[in-house]
Amino acid sequence: MKSRFVTPRATCRGTAARLLAALLTAAVALAGPDAARAHDLWLERDGDTACLRYGHLPGGHGGARTLPLGAGRILAVFAFDAEGRPAAVTALPPDSLCFRGEAAALFVATSSGWWTKTIRGTRNLPKDAVEHPLKSWRSFESVKRLDAWGEALARPLTDRLELTPLADPLALRPGDKLRLLVTRGGEPVAGATVAYDGSPRGATGEDGRVNLRIRHGGLQLVQASLVLPLNSPHADEAAYATALVFELPDTEGD
Amino acid sequence: MRATALLALAILLAPVAGLAHHGVASLGVAGLEGPGAPVETSSSATLPQGSLLAFLKLDHAVFETYTDAVDGEGASNAFWMYGLGWGIRPWLSAYAVLPYYAKKVEDNSFNSAGFADMSLMGVIGLKWDAGLHLVPANESLDDLEDWHFTLYGGLTLPTGDADLEDANGAIDPGMSLGFGTPSTLAGVTATKQLTGRVTAVADASWIGFGENTYADGQKVRFGTELRANLALTARLLTLPERRFRLDANLEGNYLQLGRDEADGVGEDATGGAILYVLPGLRAYYRGVSLGLGVKLPAWTDLNEADDQQGAEGKEDYRLVVSFSTLM
């Protein structure tokens, strides 16, 4: 039986972080959720192996279509047991984009690189490598999957942009509230856009917290995004997107 | 004698309802997916901390007349409410309203117009989320689906002219621009977003009046008002790219009026109960909200009904328009 790890959604041009952040810059509900549902990154599990995939992931359920993905995108992989201690995972041959090992929490950080919008379209290059740059950013995407729970997992596990449930998400059922903390560098992040199944539902407050409601059983996909100024000759901004993925028992009708 | 000025406090709350969605997820602007807000019934909204709400509301009542002659029957009343609201805390809002009344009788023998009693009000916001809490600073769209409540209270200050005289030097308290004495208001609201598109809102309030001694020596105490409103709003249309939303509203507005007293004696042809039905629309565009509704008396049980005219329950209709913007 297959299950999936899901990374933040990305467009064909790898601009998921920007899209998601733009959705909630001023108003969560004012942005059309469909804008964030172009292309996705996710991790697909088969037994004890999880593989990074790219393509379409409609609604957090089945029917995914995959597209080719470059192996150089992965920046780091972190695995933890339920006590928050590092767990061992093995990277399989790079081209496969796969990892083997058991972990309560698995965090994969990726980047689609530098992006610059020009008068001739958006290019996957830094702004100092193109003519007539209009806007530029570096895109970072990450995903955390939870397959077991321990109190230690109610705290951030990395210094990246990260979504952390404040209580056991695996015990939730449709209709329950999922209470989340969004951090970067281990500190709460205010104003991060948070979406459920690709639909923006809120933004974090000063304490980095936001609540979502579980809508269905099966795969749960929560995403957060943030855009920050970037003091770099290569880009104006850094666009961060992260996802939290876990699975609940399927309910009737899901 | 029922002074239409008494509507001031009740009307005061309604523009607040138009901004119910402004608490959505700290958006600061109208949410296209948050709970809806009726036109008349007060929703359980509080203003975001530090935000300023400006609003204007018109309640234009056109009364039935019962004689063929053009005489002194009440013809129409227009109540304009100019208001400001301030978000002191996420769970505490304060409002000030300055009403302007224009009351007209059929033969224009005693029309009155002018600024009336200023109203002040405070609103405390609560919600149920695994327990009763004060409304927090930040709520997601999913948080807004929780039960929300407000407790509110207010008073009027006697800034309007209560002793307005007609051409003969007589004072009709029902045509005056103020109560001459403070009145008090207390109420409670409950709001629940039932589905992504439909929101239910309930509101109950009480207004009590003190006895005022007018310049001509008469002492009048207006009867206590009780209101119970129930509303359903349904999101009809959203245009995210234009930040536009249109809701339909259907409200039932129950009003029970106590009998007025003059010199300690209950006055005939005052008081009773009315159930209004109010179909309406509310449109949102960016940070602006416009509500429009027609309030119709669907059922009445008025004291000495045949003798009442130009008062609540005797309208042809009431046109209700509200405009509000959050800054």
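Quantities reported herein were computed from a predicted structural model and do not represent experimental measurements.

Here we take up the overall build of chain B. Along the backbone of chain B there are one helix and 18 strands. In terms of overall size, chain B behaves like a compact globule, its C-alpha atoms giving a radius of gyration of 20 Å where 327 residues would be expected to give roughly 20 Å. Taken along the three principal axes of its C-alpha coordinates, chain B extends 60 × 35 × 30 Å. Expressed as a percentage of its 327 residues, the buried residues of chain B come to 50%. Across chain B, contacts joining residues at least 24 apart in sequence account for 67% of those joining residues at least 6 apart.

Right, let's talk about the overall build of chain A for a bit. The helix and strand inventory of chain A stands at one helix and 18 strands. Classification of the 254 residues of chain A by burial places 46% in the buried group.

Another aspect to go through is the confidence of the model for chain A. Mean pLDDT over chain A works out to 80, with 78% of the residues at or above the 70 mark. Within the model, the stretch residues 1-38 of chain A combines pLDDT values under 50 with 146 contacts to residues more than four positions away or in other chains.

Right, let's get into the sheet that holds strand E14 (residues 261-262) of chain B. All names here are of chain B. Read across the sheet, four strands follow the order E10-E11-E14-E15 without closing on themselves; strand pairing throughout is antiparallel. Of all the strands in the sheet, just strand E10 (212-213) and strand E15 (265-266) have a single pairing partner and so form its edges. Both E10 and strand E11 (residues 219-221) contribute to a ladder of two bridges, which runs antiparallel. Residue pairing for E11: Asn212 is matched across the bridge by Val220.

Turning next to the confidence of the model for chain B. Residue and element names in this part refer to chain B. In this model, chain B carries an average pLDDT of 86, and 91% of its residues clear a pLDDT of 70 or more. The secondary-structure element of chain B with the lowest mean pLDDT is helix H1 (residues 7-17), recorded at 38, while strand E6 (residues 132-134) shows the highest, at 97. Within the model, the stretch residues 1-30 combines pLDDT values under 50 with 139 contacts to residues more than four positions away or in other chains. Model confidence for the complex: the whole-complex pTM is 0.83, and ipTM, which rates the interface, is 0.81.

All names here are of chain B. On the secondary structure map, Gly187 appears in strand E8 (residues 183-193). Separated by 101 residues in sequence, Gly187 and Trp86 place their C-alpha atoms 19 Å apart. Filtering out sequence-adjacent residues up to four positions away, Gly187 remains in contact with Tyr152, Asp203, Ala204, Ser205 and Trp206.

Below, the discussion takes up unusual backbone geometry. Backbone geometry at His132 of chain A places phi at a positive 55 degrees, although glycine is not the residue there. As for its position among the elements, His132 of chain A is in the loop between strand E9 (121-123) and strand E10 (133-146). The class for His132 of chain A is exposed, based on 10 C-beta atoms found within 10 Å. Phi angles above zero are rare outside glycine, and Ala130 of chain B is one such case at about 55 degrees. Relative to the helices and strands, Ala130 of chain B resides in the loop between strand E5 (118-128) and E6. For Ala130 of chain B, a count of 9 C-beta atoms within 10 Å gives the class exposed.

Let's shift gears to the nonpolar core. Across soluble globular proteins, nonpolar side chains have a tendency to be buried as a group. Ala105, Leu180, Val182, Val194 and Val222 of chain A are the most contacted members of the largest nonpolar core, which totals 52 residues. When near neighbours in sequence (up to four residues on either side) are disregarded, Val222 of chain A contacts Leu163, Leu180, Val194, Tyr196, Leu212, Ala243 and Leu244 of chain A. Ranked by size, the runner-up nonpolar core spans 14 residues in total, among them Met121, Val123, Leu185 and Ile207 of chain B.

Quick look at the pairing of strand E11 (residues 162-165) of chain A now. All names here are of chain A. The two faces of E11 match: Glu162 and Thr164 on one face and Leu163 and Pro165 on the other face are all buried. Taken together, the four bridges between E11 and strand E12 (residues 177-184) define a ladder with antiparallel strand orientation. Paired with Leu163 across the bridge in E12 is Val182.

Moving on to the environment of Leu172 of chain A. All names here are of chain A. Structurally, Leu172 is set in the loop between E11 and E12. Looking at Leu172, the number of C-beta atoms within 10 Å reads 19, which means it is partly exposed. Leu172 sits 68 residues away from Tyr240 along the chain, and the two C-alpha atoms are 27 Å apart.

Below, the discussion takes up the environment of Pro240 of chain B. All names here are of chain B. Mapped onto the elements of the fold, Pro240 is located in the loop between strand E12 (225-239) and strand E13 (244-257). Taking the C-beta count within 10 Å as the criterion, Pro240 has 18 such neighbours and is therefore assigned partly exposed. Once the C-alpha coordinates of Pro240 and Arg286 are considered, the two residues, 46 residues apart in sequence, prove to be 9.9 Å apart.

Residue and element names in this part refer to chain B. The alternating pattern of E13 places Arg245, Asp247, Asn249, Glu251, Asn253, Leu255 and Leu257 on a buried face and Phe244, Leu246, Ala248, Leu250, Gly252, Tyr254 and Gln256 on a face that is not buried. By the bridge criterion, 14 bridges tie E12 to E13 in an arrangement that is antiparallel. By the bridge assignment, Arg235 is partnered in E13 with Asp247. Between E12 and E13, which pair antiparallel and follow one another directly, the connecting turn spans four residues, one of which, Arg243, has a positive phi of 55 degrees. Taken together, the 14 bridges between E13 and strand E16 (residues 272-285) define a ladder with antiparallel strand orientation. Directly across from Gln256, in E16, lies its bridge partner Ala273.

Scoring rules and cut-offs
Residues numbered from 1 in each chain as written. Chains lettered and ligands numbered in written order. Predicted model: local features only at pLDDT ≥ 70, side-chain atom pairs only at ≥ 80, totals over all residues. Helix = DSSP H or I, 4+ residues; strand = E, 2+ residues; numbered from the N terminus. Rg over C-alpha atoms; globule rule 2.2 N^0.38 Å. Buried ≥ 20, exposed ≤ 12 C-beta atoms within 10 Å, placed from the backbone. Contact = placed C-beta atoms within 7 Å. pLDDT = per-residue confidence, 0-100. Pairing = 2+ DSSP bridges. Core = buried A, V, L, I, M, F, W, Y, C linked by C-beta atoms within 7 Å.

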